[in-house]
Amino acid sequence: MIVDCAIYRDGRRREGPEDFSDALGEARAAGGFVWVGLHEPTAKEFDLVTQEFALHPLAVEDALKAHQRPKLEVYEDSLFMVLKPVVYDAASDMVSSGEIMVFLGDAFVVTVRHGEGAPLTAVRDRLEKEPELLGKGPTAVLYGITDAAVDHYLDVATELQTDLEGLEAEVFSPDDGGSRHTASRIYNFKRQVLEFRRAVGPLGPPLSRLAGTGPFGGSVRVPFVDDTARPFFRDVHDHLTRVNESVEGLDRLVSDILSAHLAQMSVRQNDDMRKISAWAAMAAIPTMIAGIYGMNFEHMPELRWVWSYPVLIAVMAVLEVLVFRLFKRRGWL
């Protein structure tokens, strides 16, 4: 579905012809560019865009099928970039990711969005309010999209950090630390961090290349991207580095919390076993004495003595008290 299509000249929006070919020709003649936004287009809907903007078939295939890793690819007539915006639902503790594909040419930008997260309407509105920035051409659109996606990564990382602190407090709480559902919650949280990492981690090299900080530094130019925009992409790359560091910290912390929880559960189980063993040892004393005097032998000491019963009860009580105090002193009870 085509969400929006407009011509931009000198950073200002101009409503152009509905035909993509005419719009592209008008934009090139006026020194502007065309921005076409699509949401989950079908192959038939995308065919017209492919033909008019001469998009590479491999990139078109990726844009239609989705489920791509963040990447940056250069073709003869266009630049193709994939980003994975993420959405965190605090109510269900779930991280979900969508996909944004950006085709960048000499006078056009085609954006294809999959999923409900991170709509590009806000990005378009923000850029239209900054005509000086938008006047830089298609490069400004690519910067605006990457900047919005990475800024949202920072928000998601902060929300995950807050939830992790709550989970940490629960694990080390004397009341809830032994909950049987805590381990499953920790494992589910680790899966959400992994989903977040899949969206954030692979975006590093593409942004590094756009920022001119890759293996070859600024010696290799990225086609269809204005070299003067490199400082802006460096800023976005710095923010992404912070996000990656946060993700690494979250992953390490959640692993440590899981280990601490399992260790706590093991200690509590050992403590329970000690208590059970202590009570069993205390129960063994009267059981042993009663078992001896319960044997049907004719000649046994004190059987004919009138005080034998109360004396044996007193002996058992004294022994129980002594054993109880011993276990209590050693922390078994």
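Everything numeric in this text was worked out from a predicted model, so none of it was measured.

Novice: What's the story with the packing of aromatic side chains in this structure? I'm lost.
Specialist: Aromatic ring pairs are reported here in terms of the distance separating the ring centres and the angle at which the planes meet. The tally for this structure, following the rule as stated, stands at eight aromatic pairs. Centre to centre, the rings of F46 and F103 are 6.1 Å apart; their planes meet at 45°, and the pair counts as tilted. In this pair, F46 is assigned in helix α2 (residues 43-53) and F103 in strand β8 (residues 99-104), connecting sequence segments 57 residues apart. The pair F46 / F103 is uniform in exposure class, with both members buried.

Novice: What is the right way to look at the environment of V109 in this model?
Specialist: Counting through the fold element by element, V109 comes out in strand β9 (residues 108-114). Aside from chain neighbours lying at most four places away, what touches V109 is F33, V34, W35, V36, V102, F103, L104, P138 and V141.

Novice: What should I look at first to understand the nonpolar core in this one?
Specialist: Across soluble globular proteins, you tend to see nonpolar side chains buried next to one another. Among the nonpolar cores identified, the biggest contains 56 residues, and L142, Y153, F196, L207, L210 and F233 are the most heavily contacted of them. Among the nonpolar cores identified, the runner-up in size contains 25 residues, and I7, A63, A66 and V112 belong to it.

Novice: Explanation requested: the confidence of the model for the protein in the structure shown.
Specialist: Interpretation of this model should avoid reading the predicted coordinates in detail wherever pLDDT is low. For the protein, the mean per-residue pLDDT works out to 83, and 91% of the residues sit at or above 70. The weakest mean pLDDT in the protein belongs to helix α10 (residues 308-329) at 78; the strongest belongs to strand β5 (residues 79-83) at 94.

Novice: Explanation requested: the environment of R12 in the structure shown.
Specialist: Looking at the element boundaries, R12 is found in strand β2 (residues 12-14). The exposure class assigned to R12 is partly exposed, which follows from its relative accessible area of 46%. Sequence separation between R12 and S259 is 247 residues, and the spatial gap between their C-alpha atoms is 56 Å. Contact partners of R12, with chain neighbours within four places excluded, come to I7 and P131.

Novice: Would you take a moment to explain the pattern of salt bridges for this structure?
Specialist: Side-chain pairing between opposite charges can occur once the charged atoms of the two side chains come close. Summed over the entire model, instances satisfying the criterion amount to 15 salt bridges. With its nearest N and O atoms 3.0 Å apart, the salt bridge here joins E61 to K65. Remark: K65 and E61 occur in helix α3 (residues 57-65); sequence separation between them is four residues, near one turn of the helix.

Novice: What is the right way to look at the pairing of strand β6 (residues 86-89) in this model?
Specialist: Regular strands show a simple pattern: their side chains alternate between the two faces of the sheet. Covered by surrounding structure in β6 are V86 and Y88 only, the residues V87 and D89 on the alternate face being uncovered. The sheet contact formed by β6 and strand β7 (residues 94-97) spans four bridges and is antiparallel. Bridge pairing in β7 links V87 to S96. Hairpin connection between β6 and β7: a loop of four residues separates the two successive antiparallel strands, and D93 in this loop has a positive phi of roughly 55°.

Novice: For this particular structure, what's the right way to read unusual backbone geometry?
Specialist: Most peptide bonds take the trans form, and the phi angle of most residues other than glycine is negative. For A66, which is not glycine, the phi torsion reads 60° and is therefore positive. Within the fold, A66 resides in the loop between α3 and β4 (71-74). Given a relative accessible area of 10%, A66 falls into the buried group. Positive phi is not limited to glycine here, since H67 has a value of about 55°. Within the secondary structure layout, H67 lies in the loop between α3 and β4. Among the residues examined, H67 registers a relative accessible area of 74% and is labelled exposed.

Novice: Any chance you could explain the sheet that holds β4 here in plain terms?
Specialist: Strands pair in a sheet through their backbones, by hydrogen bonds, and they do so in one of two ways: parallel or antiparallel. An order of β2-β1-β3-β9-β8-β5-β4 is seen for the seven strands of this open sheet, with the pairing classed as mixed. The open sheet terminates on both sides in strands that have one partner only, identified here as β2 and β4. On average, each strand axis in the sheet is inclined to that of its neighbour by 20°, with strand direction left out of account. Contacts from helix α6 (residues 138-171) reach β3 (33-39), β5, β8 and β9 within the one sheet, and its direction differs from that of β5 by about 15°.

Novice: Could you clarify how one ought to interpret the environment of L72 in this entry?
Specialist: Assignment of secondary structure puts L72 in strand β4. On the basis of relative accessible area, L72 is assigned to the buried category, the value being 12%. With 18 residues separating them along the chain, L72 and A54 place their C-alpha atoms 18 Å apart.

Novice: I keep staring at the pairing of β4 and nothing clicks. Help me out?
Specialist: Taken together, the four bridges between β4 and β5 define a ladder with antiparallel strand orientation. Note on β5: the bridge partner recorded for K71 is V82. Linking two consecutive strands that pair antiparallel, namely β4 and β5, is a turn of four residues.

Novice: Help me understand the packing of helix α1 (residues 20-30) against α2 in this model?
Specialist: Helix packing for two helices is described by the angle between their axes and how far apart those axes are. The geometry of α1 relative to α2 is characterised by a closest axis approach of 9 Å and an angle of 35° between their N-to-C directions. For the crossing formed where α1 meets α2, the hand is right-handed. Facing F20, S21 and L24 of α1, the residues of α2 in contact are L48, V49, E52 and F53. Classifying every residue of the contact of α1 with α2 by side-chain character gives five nonpolar, one polar and one charged.

So, how was this worked out
Residues numbered from 1 in each chain as written. Predicted model: local features only at pLDDT ≥ 70, side-chain atom pairs only at ≥ 80, totals over all residues. Heavy atoms only, no water. Phe/Tyr/Trp six-rings, centres within 6.5 Å; stacked < 30°, edge-to-face > 60°. Helix = DSSP H or I, 4+ residues; strand = E, 2+ residues; numbered from the N terminus. Buried < 20%, exposed > 50% of the residue type's maximum accessible area, 1.4 Å probe, protein only. Contact = heavy atoms within 4.5 Å. Core = buried A, V, L, I, M, F, W, Y, C linked by side-chain atoms within 4.5 Å. pLDDT = per-residue confidence, 0-100. Salt bridge = Lys/Arg side-chain N within 4 Å of Asp/Glu carboxyl O. Pairing = 2+ DSSP bridges. Axes fitted to C-alpha atoms, helices over the stretch in contact; angles between N-to-C directions. Left-handed = near helix turned anticlockwise from the far one by under 90°. Nonpolar A, V, L, I, M, F, W, Y, C, P; charged D, E, K, R; others polar.

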